[in-house]
Amino acid sequence: MTYLLNDTSFWATVALVIFFGILVWAKVPSIISKQLDDRADKIRGDLDEARRMREEAQELLSSFQRKQREAEAEAEAIIEQAKSDAKNLREEARVELAARMERRTALAEQRIAQAEAHAVAEVKALAADLATDAAARLIAENTKKADHTKRLKDDLADLETKLN
């Protein structure tokens, strides 16, 4: 036994056992265990929070993708409506232009017809005036004053019979 009392390994082992005994008596393993459990609970909570946040992010992503598809569909519908409106406006403009051209053509034809009628009336009036002047000159040159008087009397008599 003296051999054991002089051996440093023995005393190191005894000191180690006493140290571990003090640790157990001071409840250090339970404190360490509690701290490890608390840390594990915190990590588990962080993982749950991360999982929940990931699910929320997935939901938001799905929502944004759905909204993007809806917006694209709405934009496509707006484009189609704009194309349709443009086509309708183009057709309406074409019809209105054709009607306007038709009205202007009719108005121009009417003005041309009026101008022709006016020109014909002027030509007729001028021709009548010229014919009257020519006839008066011919009559004046070819007839005598007595013939004029006789004709005037005959015409007045004829006029009286026709008026009565």
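Definitions and limits used
- Residues numbered from 1 in each chain as written.
- Predicted model: local features only at pLDDT ≥ 70, side-chain atom pairs only at ≥ 80, totals over all residues.
- Heavy atoms only, no water.
- Helix = DSSP H or I, 4+ residues; strand = E, 2+ residues; numbered from the N terminus.
- Buried < 20%, exposed > 50% of the residue type's maximum accessible area, 1.4 Å probe, protein only.
- Areas by Shrake-Rupley, 256 points an atom, 1.4 Å probe, with all protein chains shown as cover.
- Expected span 1.5 Å × (residues − 1).
- Phe/Tyr/Trp six-rings, centres within 6.5 Å; stacked < 30°, edge-to-face > 60°.
- Patch = residues over 30% accessible without salt bridge, like charges linked within 9 Å, V, L, I, M, F, W, Y side chains within 5 Å.
- Salt bridge = Lys/Arg side-chain N within 4 Å of Asp/Glu carboxyl O.

## Remarks on the overall build of the protein
Turning to step 1, where the next piece is worked out: For the protein, the helix and strand inventory stands at four helices and zero strands.
Turning to step 2, where the next piece is worked out: The secondary structure elements of the protein, listed N-terminal to C-terminal, are α-α-α-α.
Turning to step 3, where the next piece is worked out: Within the protein, buried positions represent 1% of all 164 residues.
Turning to step 4, where the next piece is worked out: A total of about 15100 Å² of accessible surface is found on the protein, and carbon and sulfur atoms cover 62% of it.

## Some words on helix α2 (residues 8–25)
Turning to step 1, where the next piece is worked out: With 18 residues, α2 extends 25 Å from end C-alpha to end C-alpha; this agrees with the ideal 26 Å at 1.5 Å per step.
Turning to step 2, where the next piece is worked out: Lys27 lies just past α2 and shows a positive phi near 60°.

## Description of the packing of aromatic side chains
Turning to step 1, where the next piece is worked out: The full count for this structure, using the stated rule, is two aromatic pairs.
Turning to step 2, where the next piece is worked out: Judged by centre distance (5.2 Å) and plane angle (70°), the ring pair of Phe10 and Trp11 falls under edge-to-face.
Turning to step 3, where the next piece is worked out: Note on Phe19 and Phe20: the rings are 5.9 Å apart at their centroids and 55° apart in plane angle, and the pair reads as tilted.
Turning to step 4, where the next piece is worked out: We classify Phe20 as partly exposed; its relative accessible area is 46%.

## Some words on a nonpolar patch on the surface
Turning to step 1, where the next piece is worked out: A surface patch of nonpolar side chains, about 310 Å² in accessible area, is lined by Leu16, Phe19 and Phe20.
Turning to step 2, where the next piece is worked out: With respect to the helices, strands and loops of the structure, Phe20 is situated in helix α2.

## Some words on the pattern of salt bridges
Turning to step 1, where the next piece is worked out: A full pass over the atoms with the stated rule returns eight salt bridges.
Turning to step 2, where the next piece is worked out: As a salt-bridge pair, Glu56 and Arg52 come within 2.3 Å of each other at their nearest N and O atoms. One end of the pair is Glu56 and the other is Arg52, both in helix α3 (residues 28–142) and four residues apart, which spans about a single turn.
Turning to step 3, where the next piece is worked out: Given the relative accessible area of 36%, Arg52 is considered partly exposed.
Turning to step 4, where the next piece is worked out: The structure contains a network of salt bridges with shared partners spanning Glu49, Arg52 and Glu56.

What is shown is where atoms sit, not what they do.
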